Amino acid sequence: MLSTDPYEWLEKSLKTIHRANWYRQVVTIDSTPGPVVQLAGKSALNFASNDYLGLAGDSRLIQAAVNATSKWGTGSTGSRLLSGHRQLHRDLERAIASLKQTADAIVFSSGYLANLGAIAAVVGQRDLILSDQYNHSSLKNGAILSGARVLDYAHCNLEDLKAKLHQHRLFYRRCLIVTDSVFSMDGDLCPLPELLDLAEEFSCMLLIDEAHATGVLGATGAGCVEHFGCQGRELIQVGTLSKALASLGGYVAGSAQMIDFLRNRAPSWIYTTALTPADTAAAFEAIGICQREPQRRTQLWQNVTYLKQLISQQLPHLKLLPSESSILCIKLENAALVYWVGEKLKAAGIFAPAIRPPTVSTSRIRISLMATHEPIHLHQLVDALHHILPSL
Ligand SMILES: *Cc1c(COP(=O)(O)O)cnc(C)c1O
């Protein structure tokens, strides 16, 4: 018998994580969400939130959640197919389908579970997945869970994707191309119209993850599909209720048959508890506001344009990663440096996270903008960067 402690490896692994400057910890926010938050007892400007439309502290969403809780209770008590289904869930699914202009939609308990469930349901061992190398963890793990053969293609590289389709497509039954629409750690967009053309040419399904695009891109906030005018083309749209829609949960929107199939075959929908009444009602309210108040999107895009302008004028040497969204990333040499800049920003009262390996391959400060940021907030950010960066 071996006499070694079977948990001994933990200490060593943690040490390795520390040594690589990869160690992460939670930070506590002690206030309602918004452009200014209480961080470790101090007021801080918040550039770390996915609450793009500024709805997470909106009194209408809060009231919707409180009302739903009073009426329907705190828990949904079961999975949707057993005792968990309420009319609220169906109303939310109809609202998502109407926003996305699809025949139907299905709500999951998170965006992560929506990706796991959808991918694992539509492909299996005889099939092929082609996946953008920068895809979100939930897409990558969904691909692994499906049991299909997975090939990564170079980030947004249509030639590489096409070459891989030429080489491999014929040897598999079904093929699924998967991609983020707005890449979550970079802020750039997938080339959706061209991806749809390739999918058609090679008889592939296409799944896009609209987590950072829903509520943000497109005239009505329907996402990247609307931004590119691709409504009506057949694809599988996944997204989250937890970013611009300021609640918790995920969804898949698509054809009636696709959604019907997922209700029967997506394990992460069938075997998990339905969304709470509070989350469901808050997301429903958010979709209404997202459609009725396009000025929130206008304000958000004005902020994006203004910050890019300020940076190019006042910090011309700064390297911003290419972005067409409300996520802007400042590229820095290595994990230790980006951690140091992140800490300096925090000390200056600015909350903008240092994103390091293994989340991404190159270190960066990630800035996400909200509709509710004011010009003075953007000035303060640029001033702080001005003070911190010359000392490098
Ligand atoms: C946040 C995110 C998810 C996960 O959504 P949750 O609802 O938070 O689980 C999935 N995909 C992408 C691209 C994301 O950024």
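Please read all numbers here as calculations on a predicted model, not as lab measurements.

Cut-offs applied
Residues numbered from 1 in each chain as written. Predicted model: local features only at pLDDT ≥ 70, side-chain atom pairs only at ≥ 80, totals over all residues. Heavy atoms only, no water. Helix = DSSP H or I, 4+ residues; strand = E, 2+ residues; numbered from the N terminus. Rg over C-alpha atoms; globule rule 2.2 N^0.38 Å. Buried < 20%, exposed > 50% of the residue type's maximum accessible area, 1.4 Å probe, protein only. Contact = heavy atoms within 4.5 Å. Areas by Shrake-Rupley, 256 points an atom, 1.4 Å probe, with all protein chains shown as cover. Lys, Arg positive; Asp, Glu negative; His and termini not counted. Charge placed at Lys NZ, Arg CZ, Asp CG, Glu CD. Pairing = 2+ DSSP bridges. Axes fitted to C-alpha atoms, helices over the stretch in contact; angles between N-to-C directions. Domains from an automatic or database assignment. Buried area = accessible area lost by both parts, 1.4 Å probe. Salt bridge = Lys/Arg side-chain N within 4 Å of Asp/Glu carboxyl O. Polar contact = N/O pair within 3.5 Å; in protein donor to acceptor, adjacent residues only side chain to side chain. 1 Å grid on protein atoms, 1.4 Å probe; cavity = no way out; pocket = protein on both sides within 12 Å on 5 of 7 lines; lining within 4 Å. Points joined across faces, edges and corners; volume = space filled by probe spheres on them. Nonpolar A, V, L, I, M, F, W, Y, C, P; charged D, E, K, R; others polar.

Turning to the overall build of the chain, a few remarks are in order. Scanning the chain from N- to C-terminus turns up 15 helices and 13 strands. Rg of the C-alpha trace for the chain: 22 Å, near the compact-globule value of 21 Å for 392 residues, within the 12% margin. When the backbone C-alpha atoms are referred to their principal axes, the chain occupies close to 55 × 55 × 55 Å. For the chain, buried positions account for 53% of its 392 residues. Restricting the contact set of the chain to residue pairs at least 6 apart, pairs at least 24 apart contribute 70%. By element, 55% of the accessible surface of the chain is carried by carbon and sulfur atoms, the whole surface being about 18100 Å². In the chain, 35 positive and 34 negative side-chain charges are present, and the distance between their average locations comes to 3 Å.

Backbone-to-backbone hydrogen bonds join strands into a sheet, with any given pair of strands oriented parallel or antiparallel. Spatially, E3-E9-E8-E7-E6-E4-E5 is the arrangement adopted by the 7 strands of the open sheet, whose pairing is mixed. Looking at the sheet topology across the chains shown, the edges are occupied by strand E3 (104–108) and strand E5 (149–153). On average, each strand axis in the sheet is tilted by 20° relative to the strand beside it, whichever way the strands run. On the sheet, helix H4 (residues 87–100) packs against E3, strand E8 (236–240) and strand E9 (250–254) and is oriented at approximately 125° with respect to E3. Across the sheet, helix H6 (residues 137–146) touches strand E4 (128–132), E5, strand E6 (175–180) and strand E7 (205–209), and the angle it forms with E7 is around 140°.

The domain architecture assigned to the chain consists of domain 1 (27–57 + 294–391) and domain 2 (59–292). Tallying the contact residues gives 27 residues for domain 1 and 29 residues for domain 2. Overall, the association of domain 1 and domain 2 removes approximately 2000 Å² of surface from exposure, summing both partners, and the carbon and sulfur fraction of that is 56%. For domain 1, the biggest contributors to the area lost against domain 2 are Leu-55, Arg-297 and Glu-324; these three give 28% of the whole. Counting every contact that joins domain 1 to domain 2 gives 1 salt bridge. Where Asp-186 meets Arg-364, a salt bridge forms, and the shortest distance between an N and an O atom there is 2.9 Å. Where domain 1 touches domain 2, the interface holds 14 residue pairs in polar contact (both at pLDDT 80 or more).

What follows concerns empty space enclosed by the protein. Any empty space left between the atoms is revealed when a probe the size of a water molecule rolls over them. Enumeration according to the criterion identifies 2 cavities of 30 Å³ or more in this entry. Taken together, Arg-80, His-89, Val-107, Phe-108, Ser-109, Ser-268, Trp-269, Thr-272, Thr-273, Ala-274 and Leu-275 make up the full set of residues lining the largest cavity. Where the lining of the largest cavity is concerned, the elements lending two or more residues are E3 and helix H11 (267–270). Here the residues of the lining of the largest cavity are counted per class, giving 5 nonpolar, 5 polar and 1 charged. Counted as a void, the second largest cavity has a volume near 30 Å³. Every residue lining the second largest cavity is listed: Asp-132, Tyr-153, Cys-156, Asn-157, Leu-158, Leu-161, Thr-179, Cys-190, Pro-191 and Leu-195. For the lining of the second largest cavity, the per-class residue count stands at 7 nonpolar, 2 polar and 1 charged.

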